[in-house]
Amino acid sequence: MTLRTHPPRIRHLRAYTVDAPGGGDYHDQPTGHWIDDQIATPMAVYPEYRASRQSFGLNVLGSLVVEAEADDGTVGFAVTTGGEPAAWIVERHLARFVESVPATDLERLWDQMFRATLFYGRKGLVLNAISGVDLALWDLMGKLRGQPVYELLGGPVRDEQVFYATSARPDLAEGMGFIGGKMPLQHAPVEGEAGLRANIEQMRTMRERVGDDFFLAYDCWMSLDVPYALRLAHGLDGLGVRWVEEALPPDDYWGYAELRRGLPPGMLCTTGEHEAGRLGFRMLLEMGCADIIQPDVGWCGGLTELMKISALADAHGKLVVPHGSSVYSYHFVITRHNSPFAEFLMMAPDADAVVPMFSPLLLDEPVPENGRLTLPDTPGFGVRLNPECALRRPFAH
Ligand SMILES: C[C@H](O)[C@H](O)[C@@H](O)[C@@H](O)C(=O)O
Ligand SMILES: [Mg+2]
């Protein structure tokens, strides 16, 4: 009989915020950044909140940094969105499950964190916090075992990964080697027929600027209703638009199913970046809501949950192309056949250069070169915290 070797235990779980823009909260950018301004949102019904997403608080949370320290001194960490409220959840609630437990007991820890927060959690901020802890534990496990996380997940299924770019300027992204470009939709339904025409014309202009083989997509960031989304989609027919993304509020499973049924042939329905947990994705898959699901590994429950979501999608014959989340999704995508490419968010203010997604918070954060990336074999997720970004620990326990 082989006895289980005793891994180090987790000595301490710590949660920090960062009083600087960018990092885990990539929407928190200085004024004038393409990612915050003139984008259709659910708040566009209120004219005073239309011009910039920062006006209604898209950047209000800030970054969450979670550190898990083992009793041999090894430290794993992860970065996501969540700021002070998520830091409170980690320190005052989740830490009790994690501290003094073997550092490799990820499955049990995830289950305890999820069950214990059901009465106020399930989705949203609490899942961001659980994701942050889970990812820090995967980083720690990689460091303890001296292996990159993608090896812990079963190893790569291809040598390198290719990327599409989310950008206000897909035409520039094409020149940088990306395989496709996803633009933010600018005009919401409240802007009427003129807005609808402008949305279609903007895509037509972009199609004229890029090659036929370069795919385009529209990111609608929860801002539409079914009739508008269908009119938009049919107006875009023939422009090589591969998908229409997150057209509806995340809980409108019935609307997504109707939208998907009504899309022009060849145009896909995608969603999921604001969905969480395997049961949320089960709704999307079983109700026929999406052709590609897009969980964010920093928001959906972390890697432990993403593996289950991905297996479920695979069983439904669907692709998983995670939302953003940099190294935390790259280490996953490279290990899964049903994740054939990854997203890269163009974080340069004018979308004219490749900038690491969580800049300036991480060091060694890999970026695609010529649209491609081979992950290094550094243990864990292979990134370091930038010592120039001051961390604050508001709820130390
Ligand atoms: C550009 C989009 O509106 C969001 O900012 C982006 O985070 C997300 O929706 C995406 O798919 O990358
Ligand atoms: Mg999106």
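Owing to the predicted nature of the structure, the values given are computational and were not obtained by experimental measurement.

Procedures and definitions
For every chain, the first residue of the written sequence is number 1, and numbering continues from 1 onward in sequence order. Chains and ligands are labelled by the order in which they are written, letters from A for the one and numbers from 1 for the other. Owing to the predicted nature of the model, reporting of local features is limited to residues with pLDDT of at least 70; listing and counting of side-chain atom pairs is limited to 80 or more, with chain, interface and lining totals taken over all residues. Hydrogens and waters are ignored; side-chain quantities use all the structure's heavy atoms. Coordination here is defined by N, O and S atoms within 2.8 Å of the metal (3.2 Å for Na, K and Ca), and since water is not considered, a site can look incomplete. Think of it this way: any DSSP run of H or I at least four residues long counts as a helix, any run of E at least two long counts as a strand, and we number them from the N terminus. Each residue gets one of three labels from its accessible area relative to the maximum for its type: buried under 20%, exposed over 50%, partly exposed in between, using a 1.4 Å probe on protein chains only. What makes a patch is a set of residues exposed beyond 30% relative accessible area and free of salt bridges, joined within 9 Å when like-charged and within 5 Å when nonpolar (Val, Leu, Ile, Met, Phe, Trp, Tyr). In these tables, accessible area is a Shrake-Rupley quantity obtained with a 1.4 Å probe, and a residue counts as shielded only by the protein chains included in the view. By convention in these notes, a salt bridge is any Lys or Arg side-chain nitrogen within 4 Å of a carboxyl oxygen on Asp or Glu. UniProt positions are given in the numbering used here, feature names are shortened, and annotations may be inferred rather than shown by experiment. It only takes one pair of heavy atoms within 4.5 Å for two residues to be counted as in contact. Counting of polar contacts relies on pairs of N or O atoms within 3.5 Å, with two restrictions inside protein: one atom must be capable of donating a hydrogen and the other of accepting it, and residues adjacent in sequence are counted only when both atoms are side-chain atoms. Each pair of aromatic rings taken from Phe, Tyr and Trp, with Trp reduced to its six-membered ring, is defined by centres within 6.5 Å and is described as stacked if the planes are under 30 degrees apart, edge-to-face if over 60, and tilted in the remaining cases. By definition here, charges over rings are those cases where NZ of Lys or CZ of Arg is within 6 Å of the ring centre and within 35 degrees of the ring normal.

1. Section: the coordination of the magnesium ion (ligand 2)
On the protein side, the magnesium ion (ligand 2) has Asp-219 (OD), Glu-245 (OE) and Glu-273 (OE) as donor atoms, found 1.9 to 2.2 Å from it. Considered as a linear motif, the donors of the magnesium ion (ligand 2) on their single chain read D-x25-E-x27-E. With Asp-219 in strand β6 (residues 215-219) and Glu-245 in strand β7 (residues 241-245), this pair connects stretches of sequence that are 26 residues apart. Each member of the pair, Asp-219 as well as Glu-245, carries the same accessibility label: buried.

2. Focus on a nonpolar patch on the surface
On the surface, a nonpolar cluster with roughly 360 Å² of combined accessible area is contributed by Val-45, Tyr-46, Tyr-49 and Val-190. Take Tyr-46: it is sitting in the loop between β1 (10-18) and β2 (63-70). Taking relative accessible area as the criterion, Tyr-46 reaches 45% and is therefore assigned partly exposed.

3. Focus: the UniProt feature "active site" (unreviewed entry) in the protein chain
Feature annotation in UniProt places "active site" (unreviewed entry) on His-323, given in this structure's numbering. Position of His-323 relative to the elements: it lies in the loop between β10 (319-320) and α11 (326-333). With a relative accessible area of 4%, His-323 lands in the buried category. Apart from the residues lying within four places of it in its own chain, the contact partners of His-323 are Tyr-26, Glu-273, Gln-294, Pro-295, Asp-296, Trp-299, Glu-343 and Leu-345. Among the polar contacts listed, one links the side chain of His-323 to the side chain of Asp-296, at a separation of 2.6 Å.

4. Regarding the UniProt feature "binding site: Mg(2+)" (unreviewed entry) in the protein chain
With numbering aligned to this structure, UniProt lists the feature "binding site: Mg(2+)" (unreviewed entry) at Asp-219, Glu-245 and Glu-273. Spatially, the listed residues are clustered: although they cover 55 residues, their C-alpha atoms lie within 11.0 Å of one another. Setting aside chain neighbours within four positions, we find Asp-219 in contact with Lys-182, Met-183, Pro-184, Leu-185, Glu-245 and Glu-273. With respect to the helices and strands, the residue Glu-273 is situated in the loop between β8 (268-271) and α9 (277-286).

5. Some words on the packing of aromatic side chains
Applying the stated criterion to the full structure yields 15 aromatic pairs. Relative to Phe-114, the ring of Trp-110 lies with its centre 4.9 Å away and its plane at 20 degrees, an arrangement referred to as stacked. You can see Trp-110 and its partner Phe-114 sitting in helix α2 (residues 106-116), 4 residues apart, about one turn around the helix. Overall, the relative accessible area of 2% leaves Trp-110 in the buried class. Consider the rings of Tyr-328 and Phe-381, whose centres lie 4.7 Å apart with planes at 75 degrees: the pair is edge-to-face. Note that Tyr-328 is positioned in helix α11 and Phe-381 in the loop between β13 (372-373) and β14 (384-385), a separation of 53 residues in sequence. Residue Tyr-328 is classed as buried on the basis of its relative accessible area of 1%. An aromatic cluster is defined as three or more aromatic residues linked by ring pairs; in this entry it consists of Phe-163, Phe-178, Tyr-330 and Phe-344. Sitting over the face of the ring of Trp-221, Arg-53 holds its NZ or CZ atom 4.6 Å from the ring centroid. Positioned above the aromatic ring of Phe-215 is the side chain of Arg-242, whose terminal nitrogen or guanidinium carbon lies 4.3 Å from the ring centre.

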